[in-house]
Structures are given as structure tokens and as C-alpha cells.
Amino acid sequence: MNAIKVSAFRWVPPFAQGLVRDLRVRWALEEAGLSYEEQLLDVGGNKSESYRKLQPFGQVPAYQEDGLVVFESGAVVLHVAERSTALLPSHAPARARATSWMFAALNTVEPPIMFLVQLDLKFADDDAAKRLREAATGAVKDRLASVAEWLGDRDYLEDRFTAGDLLMVTVLRILRHTDMVTGIPTLAAYLSRCEARPAFKKALAAQMAAFADNAALAPA
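Described below are features of the structure shown in this document. None of the values given here were measured: they were computed from a predicted structure. One numbering rule holds for all chains: residues counted from 1, following each sequence as written. Since the coordinates come from a predicted model, pLDDT governs what is reported: local features require at least 70, and pairs of side-chain atoms require 80 or more to be given and counted, while whole-chain, interface and lining totals use all residues. With hydrogens and water excluded, all non-hydrogen atoms of the structure serve as input to the side-chain values.

**Quick look at the environment of Ala124**
Point 1. For helices the rule is a DSSP run of H or I covering at least 4 residues; for strands it is a run of E covering at least 2, with both sets numbered from the N terminus onward. On the secondary structure map, Ala124 appears in the loop between α4 (92-122) and α5 (127-151).
Point 2. Excluding its chain neighbours within four sequence positions, the residues that come into contact with Ala124 are Leu119 and Lys130. By definition in these notes, contact holds between two residues if any of their heavy atoms fall within 4.5 Å.

This is the structure in C-alpha cells:
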């Protein structure tokens, strides 16, 4: 049995497939060359008392390794990245810069994106939400413009692919129901470049395989 275990949902609705945050951890593990075992949760299993001892908020993923439990996808990716120069450079200044981009992806770019997604997917017919959407869209566009401006003609956020790119790409993918990323050539190319990495493809295929295997769980 593998020492590393990563929790994931057995099935989620199509709009969430390929976006659940265990993908971030799977991708990091693949980049680092570390094997893992997925721990699939049934519907409601993430709310159980036993699971909340691993993840206090009942979210996915939880990471277990030889008695160590880590939760929050960003923290797990950082934990994995600290073990691999494939994700964090050994040179201290470059390492610090990559870590800065990890936090930027999760603390600066993701929150306005998630707010917009909530409006679009959960409150699409709510009049108040419709009025908020213009402001929410503007906030997201500002963040995307900043990322695109920084990238410029770079392939990655710094001089090579790091965990900062890994997290930034998983955040940008949340907007796949819009053309906000694909409509910006710099970001579209950046997204495609990172999604073409073998480790990403393997991680995504693993997550999607579980959903395909458990498609019978979809509501009739």
C-alpha cells in the first residue's frame, strides 16, 4: 500500500468534474514523481465525523502520509513541493518567488473568481445576483489583466514552471464556463502550455476516471 493517501470524491456533477481541488494535489505528486493512493468518498462521506478528523471543514482533499495529516489544497501542494525541485527551486530567492505566486493564486486571484462562479452557477436567476455580476466580472478581469501583464512573453510566471504555476493554472481553469481566460491570448497560451504537461494530463485522467467509473451515482 502506498504511504501517501489523497481523498477525492467518488462522483461530482459534470460542472465540477476536472475542477475538484484534489486535482491540484494529484498534479503536484505527479510532477514530484511521488506515487499515491486515492481515498474515494461517497456522497456525504466528507461530512462524517471520521473524515472531519482529517479535514475539519469536510472538504477535499485531505492528505495522509505516515501519520501526518495535511488539509487545504494549497498547504498540501506546498508540502509536496518542498520535497521536489521540480516544483520549488533550490535557490532561496527563486524559491521565495515561486512561493509568492502560490499565495497570489489562492489569496488574490481565486477569491474574486469563486465569487463570480457562485453568482453564475448558483444564483443565475436571482435578480440581486445579476446586479452584482457586473462588479464581480470587473474584479475578475482586473486580476486576469494583472496576471497577463506579468506573463508578457514569459512561458511561466518566473523563469521555469513551479508550484506557483500549478496553482495559478488550476485557479484559471475555474473560469472554463466563460471566455474570460481563453479570450486573452497570453493567458490562453499559458493555460494550454501548462495543461500540456504530462503530469497534468495524468492527474486529470486519474480524477476523471473515478467519475466515469461511478457515473451510476448521477441523479436520474
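Back to the write-up after that little detour.
**What to know about the sheet that holds strand β2 (residues 37-41)**
Point 1. What makes two strands pair is DSSP finding at least two bridges between them. Taken in spatial order, the four strands line up as β2-β1-β3-β4 in an open sheet, and their pairing is mixed. Because the sheet does not close on itself, it has two edges, and the strands there are β2 and β4 (68-71). Each adjacent strand pair in this sheet contributes to an overall mean axis angle of 25°, direction not counted.
Point 2. Angles run from 0 to 180 degrees between N-to-C directions of axes, and those axes are lines fitted to C-alpha atoms, restricted for helices to the stretch in contact. Relative to β4, helix α3 (residues 73-81) is tilted by about 130°, and along the sheet it contacts β3 (62-65) and β4.

**Brief notes about the packing of aromatic side chains**
Point 1. For Phe, Tyr and Trp, rings pair up if their centres lie within 6.5 Å, where Trp contributes its six-membered ring, and each pair is then called stacked (planes under 30 degrees apart), edge-to-face (over 60) or tilted (otherwise). The tally for this structure, following the rule as stated, stands at five aromatic pairs.
Point 2. Here the aromatic rings of Trp27 and Phe161 are separated by 5.8 Å at their centres, their planes lie at 35°, and the arrangement is tilted. Residue Trp27 is found in helix α1 (residues 22-32), and its partner Phe161 is found in the loop between α5 and α6 (163-172); the two are separated by 134 residues along the sequence. Each of the two residues, Trp27 as well as Phe161, counts as buried.
Point 3. Measuring from centroid to centroid gives 4.9 Å for Trp27 and Phe200, while their planes differ by 70°, and the two rings are edge-to-face. Note that Trp27 is positioned in helix α1 and Phe200 in helix α8 (residues 198-213), a separation of 173 residues in sequence. Phe200 carries the same exposure label as Trp27, and that label is buried.
Point 4. One aromatic cluster in this structure is built from Trp27, Tyr156, Phe161 and Phe200.
Point 5. Note on geometry: a ring has a charge over it if NZ (lysine) or CZ (arginine) is within 6 Å of the ring centre and within 35 degrees of the ring normal. Over the ring of Trp150 we find Arg154, and its NZ or CZ is 4.3 Å from the ring centre.
Point 6. The ring centre of Phe161 lies 3.8 Å from the NZ or CZ of Arg197, which sits over that ring. Summary of the burial criterion: residues with accessible area below 20% of their type's maximum are buried, those above 50% are exposed, and those between are partly exposed, where the area comes from a 1.4 Å probe applied to protein chains only.

**A word on the packing of α4 against α6**
In helix packing, the relevant descriptors are the interaxial angle and the interaxial distance, both defined with respect to the helix axes.
Point 1. At their nearest, the axes of α4 and α6 sit 7 Å apart, and the two run at 10° to each other. Taken as axis vectors, α4 and α6 run roughly parallel relative to one another. Each of Ala98, Trp101, Met102, Ala105, Leu106, Val109, Glu110 and Ile113 in α4 lies in contact with α6, whose residues at this interface are Ala163, Gly164, Leu167, Met168 and Val171.
Point 2. Polar here means any residue other than Ala, Val, Leu, Ile, Met, Phe, Trp, Tyr, Cys and Pro, which are nonpolar, and Asp, Glu, Lys and Arg, which are charged; Gly is therefore polar. Split into classes, the residues belonging to the contact of α4 with α6 amount to eleven nonpolar, one polar and one charged. An angle counts as roughly parallel when it lies under 35 degrees, as roughly antiparallel when it exceeds 145, as roughly perpendicular when it falls between 65 and 115, and as oblique in every other case.

**Observations regarding the pattern of salt bridges**
Side-chain pairs of opposite charge can arise where the charged atoms are in close proximity.
Point 1. In what follows, salt bridge is the name for a side-chain nitrogen of Lys or Arg lying within 4 Å of a carboxyl oxygen of Asp or Glu. Under the defined criterion, the tally for this structure stands at twelve salt bridges.
Point 2. One salt bridge in this structure joins Glu31 and Arg197, with 2.8 Å as the shortest N-O distance. Of this pair, Glu31 sits in helix α1 while Arg197 is found in the loop between α7 (185-195) and α8, placing the two residues 166 residues apart along the sequence.
Point 3. Since its relative accessible area comes to 21%, Arg197 is described here as partly exposed.
Point 4. Overlapping salt bridges, with partners in common, bring together Arg21, Arg24 and Glu110 in one network.

**Looking at the nonpolar core**
Point 1. Buried Ala, Val, Leu, Ile, Met, Phe, Trp, Tyr and Cys residues form a nonpolar core when they are joined through side-chain atoms within 4.5 Å. Counting 55 residues, the largest nonpolar core has Trp27, Tyr63, Met168 and Tyr190 as the members making the most contacts within it.
Point 2. Among the elements that make up this core, the one with the highest residue count is α4 (eleven residues).
Point 3. The residues contacting Met168, other than those within four sequence positions of it, are Trp101, Ala105, Val109, Val147, Leu157 and Tyr190.
Point 4. Core analysis: the next-biggest nonpolar cluster, separate from the first, contains ten residues, Trp11, Ala16, Leu41 and Tyr51 among them.

**Considerations on the environment of Pro56**
Point 1. Locating Pro56 in the fold gives a position in the loop between α2 (49-52) and β3.
Point 2. For Pro56, a relative accessible area of 39% corresponds to the partly exposed category.
Point 3. Residues Pro56 and Glu82 lie 26 residues apart in sequence; the distance between their C-alpha atoms is 24 Å.

**Description of unusual backbone geometry**
Point 1. With an omega dihedral of 10°, the bond running from Val60 to Pro61 counts as a cis peptide bond.
Point 2. Within the secondary structure, Pro61 sits in the loop between α2 and β3.
Point 3. Phi at Asp66 is positive, roughly 50°, even though this residue is not glycine.
Point 4. Inspection of the secondary structure puts Asp66 in the loop between β3 and β4.
Point 5. Taking relative accessible area as the criterion, Asp66 reaches 70% and is therefore assigned exposed.
Point 6. Residue Glu72 is not a glycine yet carries a positive backbone phi of 75°.
Point 7. With respect to the element layout, Glu72 can be found in the loop between β4 and α3.
Point 8. Overall, the relative accessible area of 36% leaves Glu72 in the partly exposed class.

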